Amino acid sequence: MPASSAFSIAVLISGKGSNLQALIDAIKMQTLTASIAVVISNKADAKGLERARLSGIPTVVIDHTGHASRDTFDQALLTALAPYQPDLVVLAGFMRILSASFIHALQGKLINIHPSLLPLYKGTRTHQRALQDHALTHGCSVHFVTEELDGGPVIAQTEIAVLPEDTEETLAARVQKEEHQLYPLCIQWIINKKITLRNGKLFLADHTPLPPSGLKFRRSDYTHYALE
Ligand code: GRF
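These numbers were taken from a predicted model, which means no experiment stands behind them.

Trainee: Hey, could you go over the overall build of the protein chain for me, with residue numbers and the actual values?
Mentor: Within the protein chain one finds 7 helices and 10 strands. Here the protein chain has a C-alpha radius of gyration of 17 Å; the compact-globule value for 228 residues is 17 Å, and the two agree. Counting every position in the protein chain, which comprises 228 residues, the buried fraction comes to 49%. Pairs at least 24 apart in sequence give 64% of the contacts found in the protein chain among residues at least 6 apart. Accessible area of the protein chain: about 11,300 Å², with a carbon and sulfur share of 56%. Within the protein chain, the 21 negative side-chain charges are centred at a point lying 2 Å from the centre of the 21 positive side-chain charges.

The following block contains the structure:
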């Protein structure tokens, strides 16, 4: 299906797809003025695929186990994305490390959400590591993707308190709640050009450079930053 004239997004998933659902819901609520052109999963049983189908969004499965190398898998991803010509490719729980050539092909058009206050806790098991460290706060970050794993310029983060009674599960659940607010908001900023990426650095519309940790939120800030 060709891309429509609306700002078009492709979403890459591997699992549950709750962030995908948050984007679908935000589009329905018109707080995100975009359309999802395609959802691509590397796993045929990803629950997020069902969410996409229920909303009439085209889905593609590219099973990474059917590819001998990362490069051929990533090439298959690019081939699948090509007909949709997305303005932005959104990683939403896509559990594959992407090759440099894939990242270069989508430079400035590829974003990710990560469950930590980057640069803290890159990689996996972020909630467990935050608890082991007795961190007082934790959260999530939305960032542009570069070759450095979880290392690209951060658009924004939401910080939450770690509670004394938190387990990995309760902390993960509270962080995810924030992700579902933060991801659509960041995408809308990109659409509205409130945030732009120039030479690997992020700027606000008035040309103010963003700090390395991006804009920092607490939950109560969302309404303040909502669409004007
Ligand atoms: C999220 O926690 C996200 O931060 C991480 O993967 C998880 C995906 O969850 N990158 P879901 O599939 O969107 O529910």
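What follows picks up the thread again.
Trainee: Let's hear about the domain arrangement of the protein chain: which residues, and what values?
Mentor: In terms of domain boundaries, the protein chain breaks down into domain 1 (1-106) and domain 2 (114-140 + 147-228). Each of domain 1 and domain 2 was reduced to a C-alpha centroid, and the two centroids are 21 Å apart. Taken together, the contact pairs 21 residues of domain 1 with 12 residues of domain 2. Looking only at domain 1, the three residues that lose the most surface to domain 2 are Phe7, Asn19 and Leu32, adding up to 28% of its buried area. Taken together, domain 1 and domain 2 are joined by 0 salt bridges. Contributions of two or more residues to the side of domain 1 that touches domain 2 are made by strand S1 (7-13), helix H1 (18-28), strand S4 (88-91) and helix H4 (100-105). When residues of the side of domain 1 that touches domain 2 are assigned to their parent elements, the largest contribution, 5 residues, is made by H1. By residue class, the composition of the side of domain 1 that touches domain 2 is 14 nonpolar, 6 polar and 1 charged.

Trainee: Tell me what's going on with the packing of aromatic side chains, and back it up with residues and numbers.
Mentor: In this description, a pair of aromatic rings is defined by centroid distance and the angle of the planes. The final tally for this structure, using the stated rule, is 1 aromatic pair. Measuring from centroid to centroid gives 6.4 Å for Phe73 and Phe94, while their planes differ by 10°, and the two rings are stacked. Of the two residues, Phe73 sits in helix H3 (residues 70-81) while Phe94 sits in the loop between S4 and H4, which places them 21 residues apart along the sequence. Phe94 matches Phe73 in its accessibility class, with the two residues each being buried. The ring of Phe73 has Arg96 lying over it, and the distance from NZ or CZ to the ring centre is 5.9 Å. The ring of Phe203 carries Arg198 above its face, with NZ or CZ at 4.2 Å from the centroid.

Trainee: Can you lay out the site of the ligand for me, pointing to particular residues and giving the numbers?
Mentor: With respect to spatial proximity, the complete set of residues near the ligand consists of Lys16, Gly17, Ser18, Asn19, Gly93, Ile113, His114, Pro115, Gln176 and Glu179. Within the side chain of Ser18, an N or O atom sits 2.5 Å from an oxygen atom of the ligand. Calculation on the ligand without its partners gives an accessible area of 370 Å², and the protein chains cover 85% of this total. Only H1, strand S5 (110-114) and helix H6 (168-191) provide two or more residues apiece to the shell around the ligand. Class assignment of the residues belonging to the shell around the ligand gives a composition of 2 nonpolar, 6 polar and 2 charged.

Trainee: Break down the pairing of strand S8 (residues 195-198) for me, with residues and values.
Mentor: Summarising the sheet, S8 and strand S9 (residues 201-204) pair through 4 bridges and their orientation is antiparallel. If you follow Thr196 over to S9, its bridge partner there is Phe203. Where S8 folds back on S9, the antiparallel hairpin that results is connected by 2 residues, among which Asn199 adopts a positive phi of roughly 50°.

Trainee: Go over the pairing of S4 with me, naming the residues and quoting the values.
Mentor: Burial along S4 is two-sided: Leu88 and Val90 facing one way and Val89 and Leu91 facing the other are all buried. Alignment of S1 against S4, held across 4 bridges, turns out to be parallel. From the neighbouring strand, Val11 faces S4, where its bridge partner is Val90. Bridging between S4 and S5 involves 3 bridges; their strand directions are parallel.

Trainee: Go over H6 with me, naming the residues and quoting the values.
Mentor: Here H6 is 24 residues long and its end C-alpha atoms lie 34 Å apart, about the 34 Å a rise of 1.5 Å per residue gives. Residue Lys193 follows H6 closely and has a positive phi angle near 60°.

Trainee: Please give an account of the nonpolar core that cites residues and values.
Mentor: Membership of the largest hydrophobic core comes to 43 residues, with the highest contact counts inside it found for Val11, Ile111, Ile155 and Ile187. For this core, the element with the most residues is H6, which contributes 10 residues. Core analysis: the next-biggest nonpolar cluster, separate from the first, contains 21 residues, Leu81, Leu91, Leu106 and Leu110 among them.

Trainee: Account for the environment of Ile155, with residues named and values stated.
Mentor: Within the secondary structure, Ile155 sits in strand S7 (residues 154-161). For Ile155, a relative accessible area of 0% puts it in the buried group. Beyond its immediate stretch of four places on either side in the chain, Ile155 contacts Ile111, Val142, His143, Phe144, Cys186, Trp189, Ile190, Ile195, Leu202, Leu210, Gly214 and Leu215.

Cut-offs applied
Residues numbered from 1 in each chain as written. Predicted model: local features only at pLDDT ≥ 70, side-chain atom pairs only at ≥ 80, totals over all residues. Heavy atoms only, no water. Helix = DSSP H or I, 4+ residues; strand = E, 2+ residues; numbered from the N terminus. Rg over C-alpha atoms; globule rule 2.2 N^0.38 Å. Buried < 20%, exposed > 50% of the residue type's maximum accessible area, 1.4 Å probe, protein only. Contact = heavy atoms within 4.5 Å. Areas by Shrake-Rupley, 256 points an atom, 1.4 Å probe, with all protein chains shown as cover. Lys, Arg positive; Asp, Glu negative; His and termini not counted. Charge placed at Lys NZ, Arg CZ, Asp CG, Glu CD. Domains from an automatic or database assignment. Buried area = accessible area lost by both parts, 1.4 Å probe. Salt bridge = Lys/Arg side-chain N within 4 Å of Asp/Glu carboxyl O. Nonpolar A, V, L, I, M, F, W, Y, C, P; charged D, E, K, R; others polar. Phe/Tyr/Trp six-rings, centres within 6.5 Å; stacked < 30°, edge-to-face > 60°. Lys NZ or Arg CZ within 6 Å of the ring centre and 35° of its normal. Near = heavy atom within 4 Å. Polar contact = N/O pair within 3.5 Å; in protein donor to acceptor, adjacent residues only side chain to side chain. Pairing = 2+ DSSP bridges. Expected span 1.5 Å × (residues − 1). Core = buried A, V, L, I, M, F, W, Y, C linked by side-chain atoms within 4.5 Å.

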